[in-house]
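Structural overview
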Amino acid sequence: MMKHVDPNFVKNADKEFPLREEMRPRTVETPDGQTIEIDPLNDYFCDAAPKVHRKSYSKIVEAFYNWARAESLWVLGFGTGCGAIEMRPLMTPRFDAYRYGIQWRPTPRQANLLIVSGYLSVKTLKRVIRSYEQMQSPKYVMGLGSCTINGGMYWDSYNTIKRLDDYLPVDVYITGCMPRPEALLSGFDTLKQIIKAGKGEGANIYAENFAQYKANQKAVIKDWDMPDYSW
Amino acid sequence: MVSNMKKLITRLQTRYELTDLVYQRPDLTLATIRKDKLRSLLIELRDVEAFTHLTLLTAVDWMEEDLFQLTYMMTNRSANQTLAVRVMLDRRNPVGDTIHDLWPTAETYQRELKEMFGIDFPSSPRVDEEFILEGWTDLPPYRRDFDSLAYSQQTYRDRPGRQTHDPREHMKKHLYPDTEPGGTE
C-alpha cells in the first residue's frame, strides 16, 4: 500500500485525539439540585450492534419481497461533492426519476438508498456513517463517480477517503466524473436487478463484518465522539 | 492611478519603513513591513487613506528561508486600488498580531491560518478551536514540509488498477517521439 514514502514523512499513527469535553463521562448538578453521573455517549443512544436479517422461509416469498424492495427505492437526499448537482435534474421534469418509482426523502429514517454523490472528506464521512446507520434495513448504498471508487482527482489529498467500500457496503458504483443523470438512471436499473436477484445484502454484510468496518472507520475518523452504532 | 499610489507610498514609506515595493499592476501594489509597525499602518490605511476593505489575509510558507509571510490585502473601493502588506514571521515560532478588532472577518482568516499553517494569533476569538479539520493530529497540512501524497498513501487504501499519465512523459511519447529521453529540455 505504502510506496515511495520519504522516511521524513512517515505518519505518526499512535497519536490519539482526545474525546471532546462535552462527550466525556462526568458528574453534573441538575437544575433541581440533584447530583448525577452522566455519560453522553451511552446515555442517549442504543449502541447495540446491528443484526443480520434472515431471509424469508420460502424462496418465492423472498423473491416477492425483493421485487417489492426493488420497486420502492427512496433516496436519502444527502448531497456531497459535485454529484449533488447532477441529482437536481434527476428529480425534476428533465429526467424525472419519479417515473421509475424513485423518490427523494429528507431524512435517513424514511429512506433506504444512500447515494454518496462524490468525494468524502473525513469530516463528511462521519456524517455519512451516522446517516447510513440510521436508515432502516434493508438499505442500499450507491457510490457516484471516480471519487468514491478510487479517490478520483483527490488521489493525493490529505483529508479525502479513496475507497468508499472500506467504510460502507456499496451495492453499485457509477463511473464518471461526474456521471450524467442518464448514468444514474442506468445505475438505478442495475441496482433494481441486483436487489431482484437477491444480492442487495448490504445491510447484512455490514452487520456480519461490523468489527472490520468499525476498525476501518475509526482508523481515519480520529475524534470518534459517537456511539459505535447510532440508531 | 499609479502615480496616486506612488504618492501614497512616498507618504508612508519613511514613517513605516516599507521595503520590497512592487508595483504589480496599475491597481495592485505590494510592500513589506516590520511586524511591530503593522498595526498602526493598517489603522492609518483604513481610517485615513480609505482602504476600508480587508480583501484577504493569507500566508506563504518560505520553508528554505525559515519564514512565514502573512499577506494583508486591503482595497480602496472608490479609487480601485489594492495594497498588499507583507509581514515576515519566524517559522519556528510563528506568532502574528491579531487584527480581529479592526476587521471582524480577520477572525475567520486567523482561525484558518492557525489550523492550516500553525500560525498563532493570541487573543483572537476561537482561534484554538478546530476550524475545518476534525481530529487532526499531524502537521498543519498547508505547511510545505507536510507531504500530502505520503499522508494519503499511509492513511487511505488505494484501489489497484488506477492508471496515471504524467503529462510530460505522455507528451514526450506521443507528440515528440524522436526526442531522446533525458535530453535537454
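Everything here concerns the structure above.
Residues numbered from 1 in each chain as written. Chains lettered and ligands numbered in written order. Predicted model: local features only at pLDDT ≥ 70, side-chain atom pairs only at ≥ 80, totals over all residues.

With that settled, the discussion passes to the interface of chain B and chain A. Between chain B and chain A, the residue contacts involve 20 residues of the former and 27 residues of the latter. Residue classes in the side of chain B that touches chain A are distributed as six nonpolar, seven polar and seven charged. (Contact = placed C-beta atoms within 7 Å. Nonpolar A, V, L, I, M, F, W, Y, C, P; charged D, E, K, R; others polar.)

A few words on helix H4 (residues 122-134) of chain A. All names here are of chain A. Over its 13 residues, H4 extends 19 Å from the first C-alpha to the last, a length consistent with the 18 Å expected when each residue adds 1.5 Å. All of the buried residues along H4 are Val122, Leu125, Lys126, Val128, Ile129 and Tyr132. Along the long axis of H4, the arc covered by the buried residues comes to 165 degrees, so they all point the same way. Along its buried surface, H4 packs onto strand S5 (113-116), strand S6 (140-144) and helix H8 (210-220). (Helix = DSSP H or I, 4+ residues; strand = E, 2+ residues; numbered from the N terminus. Expected span 1.5 Å × (residues − 1). Buried ≥ 20, exposed ≤ 12 C-beta atoms within 10 Å, placed from the backbone. Arc of directions from axis to C-beta.)

A few words on the pairing of strand S1 (residues 19-25) of chain B. Taken across its seven residues, S1(B) has zero buried, putting it largely on the surface. Between S1(B) and strand S2 (residues 28-33) of chain B, which follow one another and run antiparallel, lie two residues. (Pairing = 2+ DSSP bridges.)

Turning our attention to the environment of B:Glu129. Relative to the helices and strands, B:Glu129 is located in the loop between helix H3 (106-116) and helix H4 (148-155). The spacing of B:Glu129 and B:Lys114 is 15 residues in sequence and 9.3 Å in space, taken between C-alpha atoms.

Below, the discussion takes up the sheet that holds strand S4 (residues 67-76) of chain B. Residues and elements named next belong to chain B. What the five strands build is an open sheet, ordered S1-S2-S5-S4-S3; its pairing is mixed. The sheet is open, and its two edges are formed by S1 and strand S3 (53-62), each paired on a single side. Ignoring strand direction, the axes of neighbouring strands in this sheet form an average angle of 20 degrees. Sitting on the sheet, helix H2 (residues 35-47) touches S2, S4 and strand S5 (81-90), and the angle it makes with S5 is about 160 degrees. (Axes fitted to C-alpha atoms, helices over the stretch in contact; angles between N-to-C directions.)

Moving on, we get to the sheet that holds S5(A). Residue and element names in this part refer to chain A. Taken in spatial order, the five strands of this open sheet run S4-S3-S5-S6-S7, and their pairing is parallel. Edge positions in the sheet fall to strand S4 (102-105) and strand S7 (172-174), since each of these pairs with one other strand and no more. Taking each pair of neighbouring strands and ignoring which way they run, the sheet shows an average axis angle of 30 degrees. Relative to S5, strand S3 (residues 73-76) runs parallel, the two being bridged by two bridges. Each residue of the ladder has a partner; that of Leu76, found in S5, is Leu114. Set on the sheet, helix H6 (residues 181-196) makes contact with S3, S4, S6 and S7; between it and S7 the angle comes to about 165 degrees.

On to H3(B), then. Residue and element names in this part refer to chain B. When you tally the buried positions in H3, you get eight out of eleven residues, the bulk of the element. Of the residues making up H3, those classed as buried are Ala106, Tyr109, Gln110, Arg111, Leu113, Lys114, Glu115 and Met116. Looking at the buried positions of H3, the neighbouring elements they touch are S3. Immediately beyond the C-terminal end of H3, within one or two residues, lies Gly118, with a positive phi of roughly 75 degrees.

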